[in-house]
Amino acid sequence: MLGPTNFLTRHLLNFIGAFTVFGVSIINISGAAGLLSIPLAVVTYYASNKITFAVQKSSQSKKIGISKSEYTLIDAQLKQAKSHVQALNQQYVRVRSVRSFKQINEMSKLAKRIINLVQTNPQKFYAVEDFFYAHLPSAVELSDKYTLLTKEQIPSTDVHLALEDTRKTLKELQVTMEDDLKSALSSDIENLKIELDFAKMSNEKRKDRLKIGGE
């Protein structure tokens, strides 16, 4: 969840620290021992990266109002969800119908929107936990099962029934993921309603003042 600015800042600080250690050690260590300057610089860069990353995570978690353990959990779930989306996208080249392609594409877009919302506001994670733990993984597993079944060349009744059942379940999952997106957006919609109500009240008060002033 740390952005590009944090990434660049961290590695810039790491480079400065490593370069400083390299410069100081190569000046103060003479002879063959001076070769230790390089591994010392590498170790410094690695250690600096670990420390800086931990500080950035702690700072970011405090900024958004969650604990470090919560931040670590949500960050791990976001990474896992992105991996699931990649796996879902791989089904594009395996499906054999336009309808299936559209369904997988729609689920992929829904998943990306939810992930982006949680990445922007990690507290939204708790409104869509089931999406991360169950709905998205199930979508990946079922879409993989579906594409495998479509490759079966045997005109079996069992295969046909399994395909229909899987297709139906995928459609239900798509609807469920749409509900997940609504849940992720619910707080934003509620805040918008509050802002609109406040704006209406302010506008009514302004009109009342104008009426009073005109009398």
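Scroll up to find the structure this text is about.
Along each chain, the written sequence defines residue order, and numbers are assigned to residues from 1. This being a predicted model, a pLDDT of at least 70 is required before a residue's local features are given, and a value of 80 or more before pairs of side-chain atoms are given or counted; all residues contribute to the totals for chains, interfaces and linings. Just so you know, side-chain values use all the structure's heavy atoms and leave hydrogens and water out.

*Asks:* Teacher, can you tell me more about the overall build of the protein here?
*Replies:* Only DSSP runs of H or I reaching four residues or more are called helices, and only runs of E reaching two or more are called strands; each is numbered from the N terminus. Along the protein, the regular secondary structure elements total six helices and zero strands. Starting at the N terminus and ending at the C terminus, the protein contains elements arranged as α-α-α-α-α-α. For every residue, the accessible area (1.4 Å probe, protein chains only) is compared with the maximum for its type, and the residue is labelled buried under 20%, exposed over 50%, or partly exposed between those bounds. When each of the 215 residues of the protein is scored for burial, the buried share is 31%. The contact criterion used throughout is that any non-hydrogen atoms of two residues lie within 4.5 Å. Pairs at least 24 residues apart make up 69% of the contacts formed inside the protein by residues separated by at least 6 positions. Note on areas: these come from Shrake-Rupley sampling with a 1.4 Å probe, and a residue is covered only by the protein chains present in the view. Carbon and sulfur atoms form 61% of the exposed surface of the protein, whose accessible area is close to 13,900 Å².

*Asks:* Hey, could you run me through the side chain of H135 in this one?
*Replies:* You can see H135 is positioned in helix α5 (residues 129-150). On the basis of relative accessibility, which here comes to 16%, the residue H135 falls in the buried class. Once residues lying within four places of it in the same chain are set aside, the contact partners of H135 are D130, L173, T176, M177 and D180.

*Asks:* Please clarify how the environment of R94 should be interpreted in this entry.
*Replies:* Within the fold, R94 resides in the loop between α3 (68-89) and α4 (98-120). Spatially, the C-alpha atoms of R94 and K151 are 8.8 Å apart, while their sequence positions differ by 57 residues. Beyond its immediate stretch of four places on either side in the chain, R94 contacts D144, T147, L148, T150 and K151.

*Asks:* What's the story with the environment of V42 in this structure? I'm lost.
*Replies:* Its location among the elements puts V42 in helix α2 (residues 37-64). Overall, the relative accessible area of 53% leaves V42 in the exposed class. Along the primary structure V42 and N14 are separated by 28 residues, whereas in three dimensions their C-alpha atoms are 9.7 Å apart.

*Asks:* I keep staring at the packing of aromatic side chains and nothing clicks. Help me out?
*Replies:* A pair of aromatic rings is counted whenever rings of Phe, Tyr or Trp (Trp by its six-membered ring) have centres within 6.5 Å, and the orientation is called stacked for planes under 30 degrees apart, edge-to-face for over 60 and tilted otherwise. Overall, the coordinates contain four aromatic pairs when judged by the stated rule. Measuring from ring centre to ring centre gives 5.5 Å for F125 and Y126, while their planes differ by 80°; the resulting arrangement is edge-to-face. A relative accessible area of 35% places Y126 in the partly exposed class. Ring plane angle 45° and centroid distance 5.1 Å describe the contact between F125 and F132, whose orientation is recorded as tilted. Take F125: its relative accessible area is 0%, and that puts it in the buried class. Owing to a relative accessible area of 5%, F132 belongs among the buried residues under this scheme. By the ring-pair criterion, three or more aromatic residues cluster together here, those being F125, Y126, F131, F132 and Y133.

*Asks:* Help me out: how do you make sense of α5 in this one?
*Replies:* Spanning 22 residues, α5 covers 31 Å between terminal C-alpha atoms, matching the ideal 32 Å at 1.5 Å per step. Every buried residue of α5 is listed here: F131, F132, H135, L136, A139, V140, L142, S143, Y146, T147, L149 and T150. Take the number of residues in a helix, subtract one, and multiply by 1.5 Å to get its expected span.

*Asks:* Please clarify how the side chain of S100 should be interpreted in this entry.
*Replies:* Assignment of secondary structure puts S100 in helix α4. In this structure S100 comes out as buried when scored by relative accessible area, which is 5%. Look past the residues within four positions of S100 in its chain and what remains in contact with it is V95 and Y146.

*Asks:* Can you walk me through the pattern of salt bridges in this structure?
*Replies:* As a working rule, side chains carrying opposite charge can pair if their charged atoms are close by. Salt bridge, as used here: a side-chain nitrogen of Lys or Arg that lies within 4 Å of a carboxyl oxygen of Asp or Glu. For the structure shown, the criterion picks out three salt bridges. Across the pair K79 and D75 runs a salt bridge whose closest N-O atoms are separated by 3.5 Å. With K79 and D75 both in helix α3 and four residues apart, the pair spans about one turn of that helix. A relative accessible area of 55% places K79 in the exposed class. Its relative accessible area of 11% is what places D75 among the buried residues. Between E164 and R167 there is a salt bridge, with its nearest N and O atoms 2.3 Å apart. Here E164 and its partner R167 are both found in helix α6 (residues 157-214), three residues apart, which amounts to about one turn of the helix.

*Asks:* Sorry, what's going on with a nonpolar patch on the surface here?
*Replies:* Residues L12, L13, F15, I16 and F19 make up a contiguous nonpolar surface patch of roughly 530 Å² in combined accessible area. Within the element layout of this structure, F15 appears in helix α1 (residues 4-28). Every patch collects residues that have over 30% relative accessible area and no salt bridge, joining them within 9 Å if they carry like charges and within 5 Å if they are nonpolar side chains (Val, Leu, Ile, Met, Phe, Trp, Tyr).

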